There are 2 protein chains.
Amino acid sequence: MISEHGLDAVTVARTAATAGMSVGLVQHYFRTKDEMLLHAFREVSARIRARAEQRIRDGVRHERPIARVMAEVMTEYIPLDEARRAEYRVARAFAGRALDAPALAEVDTEAARRLREDIARAVHNGKECGEVDEHLDPLPAAVRLAAVMEGLALQVYREPEGAAGVPVTRFVAPVLDAELAAVFTGECRQYAGRAASPRSP
Amino acid sequence: MISEHGLDAVTVARTAATAGMSVGLVQHYFRTKDEMLLHAFREVSARIRARAEQRIRDGVRHERPIARVMAEVMTEYIPLDEARRAEYRVARAFAGRALDAPALAEVDTEAARRLREDIARAVHNGKECGEVDEHLDPLPAAVRLAAVMEGLALQVYREPEGAAGVPVTRFVAPVLDAELAAVFTGECRQYAGRAASPRSP
DNA sequence: GTTATAACCGTATCTCCGTACGGTTATCTG
DNA sequence: CAGATAACCGTACGGAGATACGGTTATAAC
């Protein structure tokens, strides 16, 4: 509903109708409308994050280069198909409302923080494995990569067809690859076996 | 009002009261509330853009290196002080509502398009002057720079204090400089005299 | 079996807000 | 001065929507 008609079009009554249930039942599960919306926001955030984590796990399992895995993870966030566009619209709507709704803002910042930590961890692990320069600080690098990713997502969202006749597909991969190449400068000596997974104990 | 309490808190009556006028008078100038909000959005977009244009004009007047000027222009967009944060909040609120308000969406995309064109023009002019490699395509480069800028703005907005104890001031300039350095690789041979200004006839 | 808890419904209430409207005062214009 | 246009006011109307509420049916527990 949000992705199709925006947050303002979402009323408790309409939500109930769309779900094929009564207003009373919705109230049974969510005491207030805000509670309901918060749940929805958490839901999409979690779904998006789950996809990223899946990519990371797969990458680790197949012992693929960290840079390659991160390229996939970051591409996953770009609204390149209708499904991701829908999610992106929802996230964007909530982000706008989060301005004076601390609970929503917290979900937003938390999601961003986790993503940044994932990237920072990938960079950190890349150092151990030899893909990343020994002296590079993972945190600034992660902020930069996260920024590029989110900024790129915005560009793609606004002009899915691409700008000035050049399709987005011509932009996304090259830019992400270039940014990743600036961080992951080396070859993997011995695979550390964890890509962006948590630092092992 | 928007930046302090969000778009939802903006009612015609409250707006009138804040402006020290009557509801009737507001209606005299804006036929509908939507019209009023659209005007507000256009207003902030124009104000933000005006600052960027001013920077460009100043840069041209003093014949400063294009890369340097663009660094300033891009920094101008980052919500580094409370004034810019307020503007950023407003823009973000509108962007969220723009999902099912085509008129608002148009303002948003238009602003983005103009910015991208400014950047592309700067790159183009940089080629003539010698700051940019002859074979670089300005458009993809502009998309990339715009993406970095907007993404960085988001990171700064979400965590103004900086992440993990590292202040944002340590991030912004280095990242922007690095990105610009990737595009503006050369020295200016002879000053073209127009930085990001329109191609002369 | 009875009692409690969860699932479920429909409506009534109360508040808020956008806009319509009828009216008044000021500022031009000729 | 006439008379038109713009600036300006306060209220009334109408709709929409969030929540409260009183109630019913099912499922569980003992």
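First things first, this report covers the structure right here in the doc. What you see is a predicted model, and the numbers here were worked out from it, not measured in a lab. (Residues numbered from 1 in each chain as written. Chains lettered and ligands numbered in written order. Predicted model: local features only at pLDDT ≥ 70, side-chain atom pairs only at ≥ 80, totals over all residues. Heavy atoms only, no water.)

1. Concerning the protein's contact with DNA strand D
Then comes step 1: Taken together, 13 residues lie around DNA strand D, and A:V12, A:R14, A:K33, B:S22 and B:H28 are the ones closest in.
Then comes step 2: The sugar and phosphate moieties of DNA strand D supply 69% of its atoms located within 4 Å of the protein.
Then comes step 3: At 2.9 Å, a backbone N or O of A:V12 approaches a phosphate oxygen of DNA strand D.
Then comes step 4: A distance of 3.1 Å separates a phosphate oxygen of DNA strand D from a polar side-chain atom of A:R14.
Then comes step 5: Of all the secondary structure elements, the ones that give two or more residues to the surface near DNA strand D are α2 (12-19) and α3 (23-29) of chain A together with α3 (23-29) of chain B.
Then comes step 6: Top element by residues in the surface near DNA strand D is α3(B). It accounts for four residues.
Then comes step 7: When grouped by side-chain class, the residues that make up the surface near DNA strand D number five nonpolar, six polar and two charged. (Near = heavy atom within 4 Å. Polar contact = N/O pair within 3.5 Å; in protein donor to acceptor, adjacent residues only side chain to side chain. Helix = DSSP H or I, 4+ residues; strand = E, 2+ residues; numbered from the N terminus. Nonpolar A, V, L, I, M, F, W, Y, C, P; charged D, E, K, R; others polar.)

2. Observations regarding the protein's contact with DNA strand C
Then comes step 1: Around DNA strand C, a shell composed of 13 residues is seen, among which A:S22, A:H28, B:V12, B:Q27 and B:K33 lie nearest.
Then comes step 2: The protein-proximal atoms of DNA strand C, defined as those within 4 Å of the protein, are 67% sugar or phosphate.
Then comes step 3: Interatomic distance of 3.4 Å between a side-chain N/O atom of A:Y29 and a phosphate oxygen of DNA strand C.
Then comes step 4: At 3.2 Å from a base nitrogen of DNA strand C is found a side-chain nitrogen or oxygen belonging to B:Q27.
Then comes step 5: Of all the secondary-structure elements, those providing two or more residues to the surface near DNA strand C are α3 of chain A together with α2 (12-19) and α3 of chain B.
Then comes step 6: In terms of residues, the surface near DNA strand C owes the most to one element, α3(A), which gives four residues.
Then comes step 7: For the surface near DNA strand C, the class distribution of residues is five nonpolar, six polar and two charged.

3. Here we look at the packing of helix α7 (residues 102-129) of chain A against helix α8 (residues 138-158) of chain A
Residues and elements named next belong to chain A.
Then comes step 1: Relative to each other, α7 and α8 sit at 130°, their axes nearing to 8 Å. With respect to each other, α7 and α8 are oriented oblique. Every pair of crossing elements has a handedness; the one defined by α7 and α8 is right-handed. Residue-level contacts link L115, R116, I119, A120, V123, H124 and K127 of α7 to P138, L139, A142, V143, L145, A146 and M149 of α8.
Then comes step 2: Grouping the constituent residues of the contact of α7 with α8 by class yields eleven nonpolar, one polar and two charged. (Axes fitted to C-alpha atoms, helices over the stretch in contact; angles between N-to-C directions. Parallel < 35°, antiparallel > 145°, perpendicular 65-115°, else oblique. Left-handed = near helix turned anticlockwise from the far one by under 90°. Contact = heavy atoms within 4.5 Å.)

4. A word on the nonpolar core
Then comes step 1: Membership of the largest hydrophobic core comes to 99 residues, with the highest contact counts inside it found for A:F94, A:F184, B:F94 and B:F184.
Then comes step 2: Residues from two domains meet in this core; each of domain 1 (1-31) and domain 2 (33-183) of chain B gives at least three. (Core = buried A, V, L, I, M, F, W, Y, C linked by side-chain atoms within 4.5 Å. Buried < 20%, exposed > 50% of the residue type's maximum accessible area, 1.4 Å probe, protein only. Domains from an automatic or database assignment.)

5. Let's talk about the packing of aromatic side chains
Residues and elements named next belong to chain B.
Then comes step 1: Under the definition given, this model contains four aromatic pairs over all chains.
Then comes step 2: Ring geometry for Y88 and Y157: centres 5.1 Å apart, planes at 40°, overall tilted. Within this pair, whereas Y88 is found in helix α6 (residues 82-97), its partner Y157 is found in helix α8 (residues 138-158), the two being separated by 69 residues in sequence.
Then comes step 3: For Y157, a relative accessible area of 14% puts it in the buried group. (Phe/Tyr/Trp six-rings, centres within 6.5 Å; stacked < 30°, edge-to-face > 60°.)

6. Considerations on the interface of chain A and chain B
Interfaces are often sized by the accessible area lost when the parts come together.
Then comes step 1: Contacts between the two partners involve 38 residues from chain A and, on the opposite side, 38 residues from chain B.
Then comes step 2: Carbon and sulfur atoms make up 61% of the surface buried where chain A meets chain B, a total of about 3,400 Å² over both sides.
Then comes step 3: Counting the contacts that link chain A with chain B gives twelve salt bridges.
Then comes step 4: Linking A:D8 and B:R97 is a salt bridge whose minimum nitrogen-to-oxygen distance equals 3.3 Å.
Then comes step 5: On inspection of chain A and its partner chain B, the count reaches twelve residue pairs in polar contact (both at pLDDT 80 or more).
Then comes step 6: Top contributing element to the side of chain A that touches chain B by residue count: α8(A), with 14 residues.
Then comes step 7: Grouping the amino acids of the side of chain A that touches chain B by side-chain chemistry returns 19 nonpolar, six polar and 13 charged. (Buried area = accessible area lost by both parts, 1.4 Å probe. Salt bridge = Lys/Arg side-chain N within 4 Å of Asp/Glu carboxyl O.)

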